[in-house]
Amino acid sequence: MAEIINVVEPTLDTEAGHCYSFISALCRAGDASRMLRLWVSRRVELAFAEKHIQIRKHFFRRIRRLQSYFLYRKLLAEPGKLFISTAGRTDLLLLDWASREAIPEKKAYLYFHWFNANDKKLSSLKAIAHRQPNLVILGPTPSVVKIFHDAGFRGARVVPYPISRRDANFQAEPNQFRHLLYAGAARRDKGFSHVVDLVAHLQECGLQIPVLLQTSPEHYGKYDATTQADIQRLQAIAYPYLRLCPETLDNRGYADIFVGAICLQLYDQSDFIDRVSGVTLDAFSAGCPTVATAGTWMARMAQRFEAGVSVADLSAPQVLSAVERVMAEYADYNRHALHAGKILQEENDAGTLFRVLAN
């Protein structure tokens, strides 16, 4: 019988949000030598064709923390490995509480997409590292991993944020500008308000630049209050060249919206200074240049490949200026983005993560 890797992702219910792209990439990188058992939301609407994938509908939104504790206790006592794919400090605490003794080597793995450190949290990390030295901490960037390494987690290591491989018949072809794009779930920290400001500015200026905005909520069909107000504001603007996409798209539909687009990533600088974006990886894979907040990981990727423009001032006139710069030289930015996508496909191959978990 193949070894089981239990993947815990309580909020996974649809194809919206980063957790689906992360889990989907991992599943496609796997093989029959390991069974990936996904512990996800009770409301999950997903199916995976791969035979080595099992779905366990488990989590209710309101009690998912309590459920996590009992699930961790169960999985730690059984054969197989445990992988928490979107880990937070609470998961470390729950694992520590759920274990009767030190967790064995190569038993529990946690992927921290980012970590907002302070003195209290660092003290907590050091205490857990002392009691649980065998926990394997994974992160997408050296700065994230350094926090855990310095706290005493000897198994802390960088593992690139996983991205699905392109289809074998994918042809990287140049394309012409079609629209501005906001991709992914609508969220305050991902600059949705700034995008709405831009749409209002386009209307005031009498411009005719097509805009496509995904407005699906990230988890459980919920928006934060600011985003809910922004969606209502969009409707009042009535910009005739705006298309809203409130539904979650399938893989093909999602990939298509990047073709000929300029992807707006006006994310909060402090939250995303070293936080990897799956949307950026998806955009470059499709040859889509970006306009991103200066000082973020997204902006650094755009600068590295000359595949987009960074903006320090997120006011609508300044963002429009950056957009017009990319539009004016779209062929060049498109070509650079296609090159970036090719390189990042290699650097962020999901097979790296799968091999870490399997070995």
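Structure: above.
Everything quoted here is computed from the prediction, not taken from an experiment.

Peer 1: So what about the packing of aromatic side chains? Which residues, and what values?
Peer 2: Within this structure, the stated rule accounts for 14 aromatic pairs. Consider the rings of F22 and Y111, whose centres lie 5.0 Å apart with planes at 70°: the pair is edge-to-face. In this pair, F22 sits in helix α1 (residues 18-29) while Y111 sits in strand β5 (residues 108-111), placing the two residues 89 residues apart along the sequence. Among the residues examined, Y111 registers a relative accessible area of 0% and is labelled buried. Note on F115 and F148: the rings are 5.2 Å apart at their centroids and 70° apart in plane angle, and the pair reads as edge-to-face. Pair noted here: F115 is in the loop between β5 and α4 (119-131) and F148 is in helix α5 (residues 142-151), with a separation of 33 residues, a long-range link. One exposure class covers both F115 and F148, and it is buried. Three or more aromatic residues joined by ring pairs make a cluster, and in this case those are F22, F83, Y111 and Y161. Positioned over the ring face of F115 is K121, at 5.8 Å from the centre of the ring. Here R275 stacks its cationic end above the ring of F272, 4.6 Å away from the centre of that ring.

Peer 1: Before we move on, could you go through the sheet that holds strand β10 (residues 242-245) and cite the residues and values that matter?
Peer 2: What links the strands of a sheet is backbone hydrogen bonding, and the strands pair in either a parallel or an antiparallel sense. With respect to topology, six strands assemble into an open sheet ordered β10-β9-β8-β11-β12-β13, the strand pairing being parallel. Each of the sheet's edge strands pairs with one partner strand only, and the pair in question is β10 and β13 (308-311). Strand-to-strand twist in this sheet, taken as the mean axis angle between neighbours without regard to direction, amounts to 20°. Across three bridges, strand β11 (residues 261-265) lies against strand β12 (residues 290-293) in parallel orientation. When the sheet's bridge partners are listed, L264 is paired in β12 with V291. Sheet strands touched by helix α6 (residues 192-204): β8 (179-182), β9 (211-214), β10 and β11. Its angle to β9, the strand with the most contacts, is close to 155°.

Peer 1: Explain the pattern of salt bridges to me, using residue names and the numbers behind them.
Peer 2: Applying the stated rule across the entire model yields 12 salt bridges. Here the salt bridges do not stand alone but share partners, grouping D197, D230 and R233 into one network.

Peer 1: So what's going on with the sheet that holds β5? Which residues, and what values?
Peer 2: In space, the seven strands of this open sheet follow the order β3-β2-β1-β4-β5-β6-β7, with parallel pairing throughout. One side of each edge strand has no neighbouring strand; the edge strands of this open sheet are β3 (53-59) and β7 (157-158). Where β5 and strand β6 (residues 136-139) come together, three bridges link them in parallel fashion. Looking at β6, one finds that Y111 is bridged to L138. Each of β1 (3-8), β2 (34-41), β3 and β4 (81-84) is contacted by helix α2 (residues 64-76), which is oriented at about 135° to β3, the strand it contacts most.

Each value, and the rule that gives it
- Residues numbered from 1 in each chain as written.
- Predicted model: local features only at pLDDT ≥ 70, side-chain atom pairs only at ≥ 80, totals over all residues.
- Heavy atoms only, no water.
- Phe/Tyr/Trp six-rings, centres within 6.5 Å; stacked < 30°, edge-to-face > 60°.
- Helix = DSSP H or I, 4+ residues; strand = E, 2+ residues; numbered from the N terminus.
- Buried < 20%, exposed > 50% of the residue type's maximum accessible area, 1.4 Å probe, protein only.
- Lys NZ or Arg CZ within 6 Å of the ring centre and 35° of its normal.
- Pairing = 2+ DSSP bridges.
- Axes fitted to C-alpha atoms, helices over the stretch in contact; angles between N-to-C directions.
- Contact = heavy atoms within 4.5 Å.
- Salt bridge = Lys/Arg side-chain N within 4 Å of Asp/Glu carboxyl O.

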